[in-house]
Amino acid sequence: MSKMNHSGRRHGNQHSFEKAKDFRGTMKQFFTYMKPYYIQIIIALLFAVVSTVFMVIGPKISGKAITELSNGFIAKVQGIGTINFEKIGYVLLFLIGLYVVSMLCNLIQGWMMAGISQKISFALRNSMENKINSLPLSYFDQQTHGEVLSRFSNDVDTIQQTLSQSLSQMLTSIVQVVGFLIMMFTISWKMTLMALIIVPLSVILATIVMKHSQKYFKAQQESLGNVNGHIEEMYSGHMIMKAFNGEEKSIQQFDAYNNELYASGWKSQFLSGLMQPISTFVGNLGYVGVCILGGYLAIQGSIQLGDITAFIQYVRNFNQPISQMAQIMNVLQSTAAGAERVFDFLNETEEEKDCEHPVSIYDSQGNISIKGIVSFENVHFGYTKDKTIINNFSMYINEGKRVAIVGPTGAGKTTIVKLLMRFYELNSGAIYIDGINIKQFKRKDLRSLFGMVLQDAWLFHGTIMENLRYGRLEASDEEVMQAAESAYVGHFIRTLENGYDTVIDEETSNLSQGQKQLLTIARAFLANPKILILDEATSSVDTRTEVLIQKGMEKLMENRTCFVIAHRLSTIKDADLILVMKDGDIIEVGNHEELMSKDGFYKKLYNSQFEES
């Protein structure tokens, strides 16, 4: 689990620096996905434009008040007039109203874009949720859990943030740049040219810094992933680490990762920190030039004092939207990469659809009519095209019979089970239940016929009652308790302080392995399946619990067709049929006595276990 999370996190940190393979195609697909929200987005962006335009006009209007004040003051000093405070008051009230309207428009567009971005991310996650339920199991064989989780969390979050912030910021930045230029030209074209001389210098310096800092940011994120992954692994496995005296090695490894993070971190932060002082320095150069030229023009009487102050405000703010656009372009690259990964996931090949006219597993009274007769007919299967691991397998298994699947680790014992439940499609041949091809059932109905007790006892964070009811969600409390009694786990639950309301923690560390296994048996009892799949999991439990598990399994198997993936061969001597697998192939078939008499692989396997015991 720690490795999974580690890889997921590291990917989540790195992908923000990736670029989409097909930026244009991805953005086109993304905008198509946004089509239901076009009108809302346009309205929100119009509010953003209005807000920005009013903000851009503001300095020139405030300049009129300053001009009126300075002219009135000069007239008063010269004794030829006075300051017109009434006119200045009207200008200032108009300016305040302008800024209030600008703020309201900005709030409205922010509120609308936040809602739109949430709706789109909600729709994306819904689409991904529907998609993940229709993907074949083979997809997850090729992808790490962290990779899939990263698409649901990091990639969709990146898209959401871009929609709620970057899209409107990009538009307002463009409007600001254009608006500032127009307002500056209306004040003085000479001063505008002076201000524009420094823009290329600012852009060039910013580009150089960003180009050099990006590799250090990437290294920082990689190092951060290593540090976080190491801490998580050491935390989740701290007992093993301490048991083998691995503290010193763990600390050395952490120091190495931490030093890497320090080295890349200070370089990236230092270089990114240069952006502001460089931008300020270049801006100040233009500011000085504008002040000198403005003073000269004012002396000549070709410009008013208020216009100079307004122009200076425009110059001071001119670099900001340019820098924002450069940053947003990087964000858009990151968003395109995230969107591309999401759409790649949504475009994955889905598992074969259910047939148009499926056979019902229920009778007219709503009860399951399937008996549990299973037959394999000339089954061929391979996980890859170049290696077939099940060759021409045929077998008839009557209802209520027990079939054991044995073989060394990695022999492919669970493959038969996966084929039965249609997690994978056959290369050729067919599997029948009660004489009906499993392809004629809905997958949901087919899988409801099966109950599973696996070696890894899967329980989720919640109460014992909730975990048991997972076997049949509509079951009553009384039915859940009866299933627990049938699995010989009822007494244990009653001894707990909160009984069936006892909360199982995330790591299920407050239960032993044997107790967890008994709960999964009770869950299978509650499901009341026609066909049972058992993966023996009695190792590493105490003798008393093992006896209870065996008793629970024996009771569960009564009158059910059972497939037992066996590890201890002594436990399946009474099986009606034993399939012996080796290197992915079924090499022997028969009951215990028949296989022992053949003096083949099964006998060697059985005798080796007997000698070990």
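A word on the overall build of the chain
For the chain, the count of helices and strands is 20 helices and twelve strands. Radius of gyration (C-alpha) of the chain: 36 Å, far over the 25 Å computed for a compact globule of 613 residues. Dimensions of the chain, computed from C-alpha atoms along their principal axes, come out at roughly 125 × 65 × 55 Å. Relative to its full complement of 613 residues, the chain shows a buried share of 43%. Look at the contacts in the chain between residues 6 or more apart in sequence, and 77% of them connect residues 24 or more apart. Accessible surface for the chain amounts to roughly 33,000 Å². Of this, 57% is attributable to carbon and sulfur atoms.

Brief notes about the nonpolar core
Ranked by internal contacts, the top residues of the largest apolar core, which has 45 residues, are L468, V489, I493, L519, I572, I578 and Y602. At seven residues, helix 17 (residues 513–527) tops the list of elements feeding residues into this core. Residues contacting L519, with those up to four places away along its chain left out, are L459, I464, L468, V489, I493, I504 and L511. Within the second largest apolar cluster, 34 residues are counted, among which are I361, I431, I531 and I533.

Remarks on the packing of helix 7 (residues 189–196) against helix 10 (residues 247–300)
At a closest axis distance of 9 Å, the pairing of helix 7 and helix 10 adopts a crossing angle of 165°. By the criterion of interaxial angle, the relationship of helix 7 to helix 10 is roughly antiparallel. The two elements helix 7 and helix 10 meet at a crossing, and its hand is right-handed. Listed contacts from helix 10 to K190, M191, M194 and A195 of helix 7 are G289, V290, L293, G294 and L297. Grouping the constituent residues of the contact of helix 7 with helix 10 by class yields six nonpolar, two polar and one charged.

Some remarks on the pattern of salt bridges
On inspection of all chains with the given rule, the structure shows 17 salt bridges. Across the pair D155 and R341 runs a salt bridge, and its minimum N-O distance is 2.7 Å. Of the two residues, D155 sits in helix 6 (residues 145–187) while R341 sits in helix 11 (residues 305–346), which places them 186 residues apart along the sequence. Accessibility assignment for this pair places D155 and R341 in one class, buried. Among the ionic pairs, D354 bridges to R443, the shortest N-O distance being 3.4 Å. With a gap of 89 residues between them, D354 in the loop between helix 11 and strand 1 (374–381) and R443 in helix 13 (residues 443–448) connect regions that are remote in the sequence. Exposure remark for D354: the relative accessible area of 33% places this residue in the partly exposed category. Within this structure, E351, E352, D354, R422, E425, K439 and R443 form a network of salt bridges that share partners.

Quick notes on the confidence of the model for the chain
For the chain, the average pLDDT comes to 82, and 93% of its residues sit at 70 or higher. pLDDT under 50 marks residues 1–17. Its contacts with residues more than four places away, or in other chains, come to 41 contacts.

Things to note about the packing of helix 2 (residues 23–33) against helix 11
Their axes nearest at 9 Å, the elements helix 2 and helix 11 cross at an angle of 70°. Classified by the interaxial angle, the pair formed by helix 2 and helix 11 is roughly perpendicular. Residues F23, T26, M27, Q29, F30 and Y33 of helix 2 form the contact with helix 11, whose participating residues are L332, Q333, A336, A339, E340 and F343. Broken down by class, the residue content of the contact of helix 2 with helix 11 amounts to eight nonpolar, three polar and one charged.

Overview of the packing of aromatic side chains
Using the criterion set out here, one finds 13 aromatic pairs in the structure. Look at Y139 and F140: their rings are 5.2 Å apart centre to centre, the planes differ by 85°, and that puts the pair in the edge-to-face class. An aromatic cluster is defined as three or more aromatic residues linked by ring pairs; in this entry it consists of Y139, F140, F152 and F345. The ring of Y488 is capped by K551, whose NZ or CZ atom sits 4.6 Å from the centre of that ring.

With respect to the environment of F185
Here F185 shows up in helix 6. Residue F185 is classed as partly exposed on the basis of its relative accessible area of 43%. Distance from F185 to E356, taken between C-alpha atoms, is 69 Å for residues 171 residues apart in sequence.

A closer look at the sheet that holds strand 6 (residues 450–453)
With mixed pairing, the six strands of this open sheet are ordered in space as 6-9-10-3-11-12. A strand with exactly one partner marks an edge of an open sheet, and here the two such strands are strand 6 and strand 12 (585–590). Mean inter-strand twist for the sheet, computed between neighbouring axes without regard to direction, equals 20°. Both strand 9 (residues 531–535) and strand 10 (residues 561–565) contribute to a ladder of five bridges, which runs parallel. Bridge pairing in strand 10 links L532 to C562. Running over the sheet, helix 12 (residues 413–420) touches strand 3 (402–406), strand 6, strand 9, strand 10, strand 11 (577–582) and strand 12 and is turned about 145° from strand 10.

Structural notes on a negative patch on the surface
Together, D574, D576, E593 and E594 give the surface a local cluster of negative charge. Tracing the backbone through its elements, the reader meets E594 in helix 19 (residues 592–598). On the accessibility criterion, E594 (42% relative accessible area) is partly exposed.

Here's the deal with helix 10
Residues spaced three or four apart along an α-helix face the same direction, because each turn holds 3.6 residues. Between its first and last C-alpha, helix 10 extends 78 Å over 54 residues, near the 80 Å set by a 1.5 Å rise per residue. Looking one or two residues beyond helix 10, the residue adopting positive phi is G301, at roughly 80°.

Some remarks on the environment of S166
Inspection of the secondary structure puts S166 in helix 6. Take S166: its relative accessible area is 8%, and that puts it in the buried class. Considered as a pair, S166 and A263 are 97 residues apart in the sequence and their alpha carbons are 31 Å apart. Excluding its chain neighbours within four sequence positions, the residues that come into contact with S166 are Q161, I328 and V331.

Reading the values: rules and limits
Residues numbered from 1 in each chain as written. Predicted model: local features only at pLDDT ≥ 70, side-chain atom pairs only at ≥ 80, totals over all residues. Heavy atoms only, no water. Helix = DSSP H or I, 4+ residues; strand = E, 2+ residues; numbered from the N terminus. Rg over C-alpha atoms; globule rule 2.2 N^0.38 Å. Buried < 20%, exposed > 50% of the residue type's maximum accessible area, 1.4 Å probe, protein only. Contact = heavy atoms within 4.5 Å. Areas by Shrake-Rupley, 256 points an atom, 1.4 Å probe, with all protein chains shown as cover. Core = buried A, V, L, I, M, F, W, Y, C linked by side-chain atoms within 4.5 Å. Axes fitted to C-alpha atoms, helices over the stretch in contact; angles between N-to-C directions. Parallel < 35°, antiparallel > 145°, perpendicular 65-115°, else oblique. Left-handed = near helix turned anticlockwise from the far one by under 90°. Nonpolar A, V, L, I, M, F, W, Y, C, P; charged D, E, K, R; others polar. Salt bridge = Lys/Arg side-chain N within 4 Å of Asp/Glu carboxyl O. pLDDT = per-residue confidence, 0-100. Phe/Tyr/Trp six-rings, centres within 6.5 Å; stacked < 30°, edge-to-face > 60°. Lys NZ or Arg CZ within 6 Å of the ring centre and 35° of its normal. Pairing = 2+ DSSP bridges. Patch = residues over 30% accessible without salt bridge, like charges linked within 9 Å, V, L, I, M, F, W, Y side chains within 5 Å. Lys, Arg positive; Asp, Glu negative; His and termini not counted. Charge placed at Lys NZ, Arg CZ, Asp CG, Glu CD. Expected span 1.5 Å × (residues − 1).

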